[in-house]
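Chain by chain, the residues:
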Amino acid sequence: MSSERPAAIDVRDAVKRYGDFTALKTISLSIQDNEFFTLLGPSGCGKTTLLRMIAGFEDVTEGAIYLHGKEIAKLPPNKRPVNTVFQNYALFPHLSVLDNVGFGLEMLGRSRTQARARAGEMLELVQLSQFAHRKPAQLSGGQQQRVALARALAPQPKVLLLDEPLSALDLKLRKAMQIELKHLQRETGITFIFVTHDQEEALTMSDRIAVMSSGELQQLGNARDIYEHPRNMFVADFIGETNLLAVTVDRIEAGRAQCHLGGGQSLGCDAVEGVGAGAKVHLSIRPERLFLTDTTPEGEGLTGRVVENIYIGTDIASLVDLDVGFRVTIRTSNSERGAKRLFEPGAQVVVNMEQGAARLLVD
Amino acid sequence: MRVGADRFAFPGFRTLTFLCLFILYAPLLVVTVYSFNDSRSITTWEGFSLRWYVDVFVGPDSAKFKSAAFNSFSIALIAASVATAVATSAALAMVRGGRFKLRTATFGLISLPILVPEIVTAVAILIFFNTIGFTRGYMTILIAHIAFCIPFAYLPISARMQGIEGSFEQAAMDLYATRAQAFRRILLPMMMPGIFAGFLLAFIISLDDFIITNFVKGAGVETLPTAIFGSVKQGIRPNIMAISTMLLAFSTVIVTLSWFISRIDRTK
Ligand SMILES: Nc1ncnc2c1ncn2[C@@H]1O[C@H](COP(=O)(O)OP(=O)(O)OP(=O)(O)O)[C@@H](O)[C@H]1O
Ligand SMILES: [Mg+2]
């Protein structure tokens, strides 16, 4: 992140309205050169809209978009050094794979021979050389996806936009493509802006993630930031799995907040600025940071009863009803070495929390 | 498959189907067979001969039929070409022009002429030409044909266009094509089967038209249908059957061609 070079894409106070409906509410974000940047959010939150504004298919109602410091919001799509991998790929059905990939270069004024030569190299990069002379309809979904990628990369855009490019693929192919995409991004050094509503995909691939909901930016940060330090309830709930407990702050002491759960039980967590005693807040605790132990004769700790154990391959999720009235999920790694204990349904247990696992959220 | 088919096997359905097909095709079969009859009679068979085909080209009526054929084919060619161009632009505006006021009404206006009884259209066009004082002749036929061919060309073209998502042109423009290049290199080739089908349909409709042509043609200008009708009024001679058979063969070829072209999807 050098300070002299302007950001690859700089979205400043961009607003998008369709009639009375506001699809994007004053979004500002800066995407650096060579960055793998992901827009993540639930369906309808405006990811595609933002991407299409950067590509030039939607005009910007208010605000501006800069590419390397140059305002591009008013340029038509064919004047922007930005290429898109469409969700449905939009490969030209009447052109061969080779001519699809060479199309952008031809439009940039290269001769057909030059365009084809470069297209051939691109196909080699995505390992599809032997299909160069087929029509797109004769390829599998995963192969079409790679052609779309090669086609968008061939003209060497400054920024590549990808709108849920993997959503049509099955899980295994999807995982393989995630890695391939990440490698391609590193090799080409092109800035990728990637759209997904799959949080696992976002965490796996991205340098930075912008979490969006209903047209607003909720949090911007790297995978660890948004997973371990969610800024609000929405992010905590949307990214991964979490236990959200409604609590009241009892007192603040030395940077720690003691929170009251009801029934005389309380939990401690790092205090947050602006939250004082008496505030009604939520605690977010990740299921993998909780563990179960036997009840003590004195009845100390957060007691509860195991409702069910659910087998999910790598983990086992235990649902526990706390005596104070919450239901929490606890994840236990499904490995021999895992020190955590499992209890049968019906067992009385104590729910324990690792150091610093609880995070206080205001809204 | 059999199970599905059996659901439609109502009693008598098969008989009814064959009856309908018979009523449709028997007259065509009779005309075709008797066009090869070696006799002046149109009812008794006297052996195979091509004499009526020769008669069409060199017989006493040949000059009349040749000029009628020239008029028919030249009008059909020009009318279908112009109608296809207009219909293509209309389809582009309707499908890609975004929402505009009266869009549904416009679609109705374009397709309505197909449903209006032809005689009404014929009278209306005649009154129109009379009002503006246009002398009837080749030009009036041509203009009328262009007008009524447009909706027929429009339907297959717009059907094809509706099946082409906007993302193809967007992808082209994303890859640095101008609007014109995106149209010429991407949209037009993808629309081509629809445009061909529309052209052939318009061509056949024009070639086949009798009612409107009969109203707007001037004295002495004939197309094949009006020339045939004129001849038949003086009694049916077997050379009419020969012409009809040739027209039938030609139409069959065109219709078959249009069927094959509409099935091409250029993706294989
Ligand atoms: N052309 C349009 N006219 C009116 N509203 C629109 C238009 N396009 C999108 N919207 C609205 O804008 C909002 C954001 O849409 P967008 O397509 O950006 O969502 P998304 O985040 O990409 O969702 P998904 O994950 O389902 O693709 C939605 O509520 C949608 O209904
Ligand atoms: Mg979307």
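Residues numbered from 1 in each chain as written. Chains lettered and ligands numbered in written order. Predicted model: local features only at pLDDT ≥ 70, side-chain atom pairs only at ≥ 80, totals over all residues. Heavy atoms only, no water.

**Comments concerning the site of ligand 1**
Residues and elements named next belong to chain A. Around ligand 1, a shell composed of Tyr-18, Phe-21, Ala-23, Ser-43, Gly-44, Cys-45, Gly-46, Lys-47, Thr-48, Thr-49, Glu-164 and His-197 is seen. Taking Lys-47, its side chain carries an N or O atom lying 2.8 Å from an oxygen atom of ligand 1. Note that an oxygen atom of ligand 1 is positioned 2.5 Å from one of the side-chain N or O atoms of Thr-48. In the complex, the protein chains occlude 61% of the 640 Å² of accessible area that ligand 1 would expose alone. (Near = heavy atom within 4 Å. Polar contact = N/O pair within 3.5 Å; in protein donor to acceptor, adjacent residues only side chain to side chain. Areas by Shrake-Rupley, 256 points an atom, 1.4 Å probe, with all protein chains shown as cover.)

**Considering the sheet that holds strand S2 (residues 21–31) of chain A**
Residue and element names in this part refer to chain A. On the basis of which strands lie adjacent, the open sheet formed by four strands has the order S2-S1-S4-S5 and antiparallel pairing. Where the open sheet ends on each side, the last strands, each with one partner, are S2 and strand S5 (70–71). In this sheet, S5 lies alongside strand S4 (residues 62–67) in antiparallel orientation, the contact comprising two bridges. Across the sheet, residue Leu-67 finds its bridge partner in S5, namely Lys-70. Contacts from helix H1 (residues 47–55) reach strand S1 (9–18), S2 and S4 within the one sheet, and its direction differs from that of S1 by about 115 degrees. (Pairing = 2+ DSSP bridges. Helix = DSSP H or I, 4+ residues; strand = E, 2+ residues; numbered from the N terminus. Contact = heavy atoms within 4.5 Å. Axes fitted to C-alpha atoms, helices over the stretch in contact; angles between N-to-C directions.)

**Some words on the pattern of salt bridges**
Residue and element names in this part refer to chain A. This model, assessed by the stated rule, comprises 28 salt bridges over all chains. One salt bridge connects Lys-16 with Glu-58, and the closest N-O pair in it is separated by 3.8 Å. A residue pair is termed long-range when its members are at least 10 positions apart, and Lys-16 in strand S1 and Glu-58 in the loop between H1 and S4 qualify at 42 residues. Of the two residues examined, Lys-16 and Glu-58, each falls in the buried class. Because the salt bridges share partners, they merge into one network encompassing Lys-16, Arg-52, Glu-58 and Asp-59. (Salt bridge = Lys/Arg side-chain N within 4 Å of Asp/Glu carboxyl O. Buried < 20%, exposed > 50% of the residue type's maximum accessible area, 1.4 Å probe, protein only.)

**Concerning unusual backbone geometry**
Note on backbone geometry: most residues besides glycine have negative phi, and most peptide bonds are trans. All names here are of chain A. Despite not being glycine, Gln-156 has its phi angle at roughly 50 degrees, a positive value. Mapping Gln-156 onto the fold places it in the loop between helix H4 (141–153) and strand S7 (159–163). Its relative accessible area of 58% is what places Gln-156 among the exposed residues. The backbone of Ala-254 shows a phi angle near 50 degrees, a positive value even though the residue is not glycine.

**A look at the sheet that holds strand S15 (residues 290–294) of chain A**
Residues and elements named next belong to chain A. Pairing is antiparallel in the open sheet, where five strands are placed in the order S15-S19-S16-S17-S18. Only two strands of the sheet have a single partner each, and these edge strands are S15 and strand S18 (327–333). Each adjacent strand pair in this sheet contributes to an overall mean axis angle of 45 degrees, direction not counted. In terms of strand pairing, strand S16 (residues 302–312) meets strand S17 (residues 315–322) through eight bridges, oriented antiparallel. The residue of S17 that forms the bridge with Arg-305 is Asp-321.

**Considering helix H5 (residues 171–188) of chain A**
An α-helical turn contains 3.6 residues, so a residue and the one three or four places further along point in the same direction. All names here are of chain A. Compared with an ideal rise of 1.5 Å per residue, which puts 18 residues at 26 Å, H5 spans 25 Å between its outermost C-alpha atoms and is within 8% of the ideal. Listed in full, the buried residues belonging to H5 are Arg-174, Met-177, Gln-178, Leu-181, Lys-182, Leu-184 and Gln-185. Here the buried residues of H5 occupy an arc of 160 degrees about the axis, which is enough to place them on one side. Counted as exposed and oriented over 90 degrees from the buried face of H5: Lys-172, Ile-179, Arg-186 and Glu-187. On the buried face of H5, the contacting elements are strand S3 (36–40), helix H3 (112–125), H4, S7, strand S8 (191–196) and helix H6 (199–205). Immediately downstream of H5, the backbone of Gly-189 shows phi near 70 degrees, a positive value. (Expected span 1.5 Å × (residues − 1). Arc of directions from axis to C-beta.)

**Thoughts on the packing of aromatic side chains**
Residues and elements named next belong to chain B. For the coordinates displayed, the defined rule picks out 17 aromatic pairs over all chains. Ring plane angle 50 degrees and centroid distance 6.1 Å describe the contact between Phe-203 and Phe-250, whose orientation is recorded as tilted. Here the residue Phe-203 occupies a position in helix H9 (residues 179–208), and Phe-250 occupies one in helix H12 (residues 238–263), the gap between them amounting to 47 residues. Classification of Phe-250 as partly exposed rests on a relative accessible area of 28%. (Phe/Tyr/Trp six-rings, centres within 6.5 Å; stacked < 30°, edge-to-face > 60°.)

**As for empty space enclosed by the protein**
Residue and element names in this part refer to chain A. What the rule picks out here adds up to one cavity of 30 Å³ or more. In this structure, the largest cavity spans a volume of roughly 30 Å³. Around the largest cavity sit Glu-164, Leu-166, Ser-167, Arg-174, Thr-196, His-197 and Glu-201, which together line it. Here the lining of the largest cavity is built from residues that sort into one nonpolar, three polar and three charged. (1 Å grid on protein atoms, 1.4 Å probe; cavity = no way out; pocket = protein on both sides within 12 Å on 5 of 7 lines; lining within 4 Å. Points joined across faces, edges and corners; volume = space filled by probe spheres on them. Nonpolar A, V, L, I, M, F, W, Y, C, P; charged D, E, K, R; others polar.)

**Some points on the interface of chain A and chain B**
The partner chain B presents 20 residues to the 30 residues of chain A that form the contact. Carbon and sulfur atoms supply 62% of the area buried between chain A and chain B, which totals about 2300 Å² over both sides. Of all residues in chain A, the largest losses of buried area upon contact with chain B belong to Asn-78, His-94 and Met-107 of chain A, amounting jointly to 28% of the total for that side. In this structure, Arg-185 of chain B engages Glu-106 of chain A in a salt bridge whose closest nitrogen and oxygen atoms are separated by 3.3 Å. Along the contact surface separating chain A from chain B lie 10 residue pairs in polar contact (both at pLDDT 80 or more). Of all the secondary structure elements, the ones that give two or more residues to the side of chain A that touches chain B are H1, strand S6 (82–85) and helix H2 (97–107) of chain A. With four residues, the top contributor of residues to the side of chain A that touches chain B is H2 of chain A. For the side of chain A that touches chain B, the class distribution of residues is 17 nonpolar, seven polar and six charged. (Buried area = accessible area lost by both parts, 1.4 Å probe.)

**Quick word on the packing of helix H8 (residues 167–174) of chain B against H9 of chain B**
All names here are of chain B. Contact geometry for H8 and H9: axes closest at 9 Å, N-to-C directions at 140 degrees. Between H8 and H9, the angle is such that the two are oblique. The interaxial crossing formed by H8 with H9 has right-handed handedness. Along the contact surface, H8 presents Phe-168, Glu-169, Ala-172 and Met-173, while H9 presents Arg-179, Ala-182, Ile-186, Leu-187 and Met-190. (Parallel < 35°, antiparallel > 145°, perpendicular 65-115°, else oblique. Left-handed = near helix turned anticlockwise from the far one by under 90°.)

**Some thoughts on the pairing of strand S11 (residues 243–253) of chain A**
Residues and elements named next belong to chain A. Bridge count for S11 against strand S14 (residues 280–285) is six bridges, and the pairing is antiparallel. Residue Val-247 lies in a different strand from S14, and its bridge partner there is Val-281. Summarising the sheet, S11 and strand S12 (residues 256–262) pair through five bridges and their orientation is antiparallel. Counted as the bridge partner of Arg-251 is Gln-258 from S12. Linking S11 back to S12 in an antiparallel pair, the connection comprises two residues, with Ala-254 at a positive phi of about 50 degrees.

**Some words on the nonpolar core**
Grouped together as the largest cluster of nonpolar side chains are 96 residues, with contacts concentrated most on Ile-9, Leu-39, Phe-92, Phe-103 and Ile-193 of chain A. Examining the composition of this core, we find that 12 residues originate from one element, helix H4 (residues 62–96) of chain B, more than from any other. Setting aside chain neighbours within four positions, we find Phe-92 of chain A in contact with Asn-100, Phe-103, Pro-136 and Arg-151 of chain A together with Phe-168, Ala-171, Ala-172, Leu-175 and Ile-186 of chain B. (Core = buried A, V, L, I, M, F, W, Y, C linked by side-chain atoms within 4.5 Å.)

**Quick word on the confidence of the model for chain B**
Scored by pLDDT, chain B has a mean of 87; 95% of the residues are at 70 or more. Confidence metrics for the complex model read pTM 0.80 and ipTM 0.80. (pLDDT = per-residue confidence, 0-100.)

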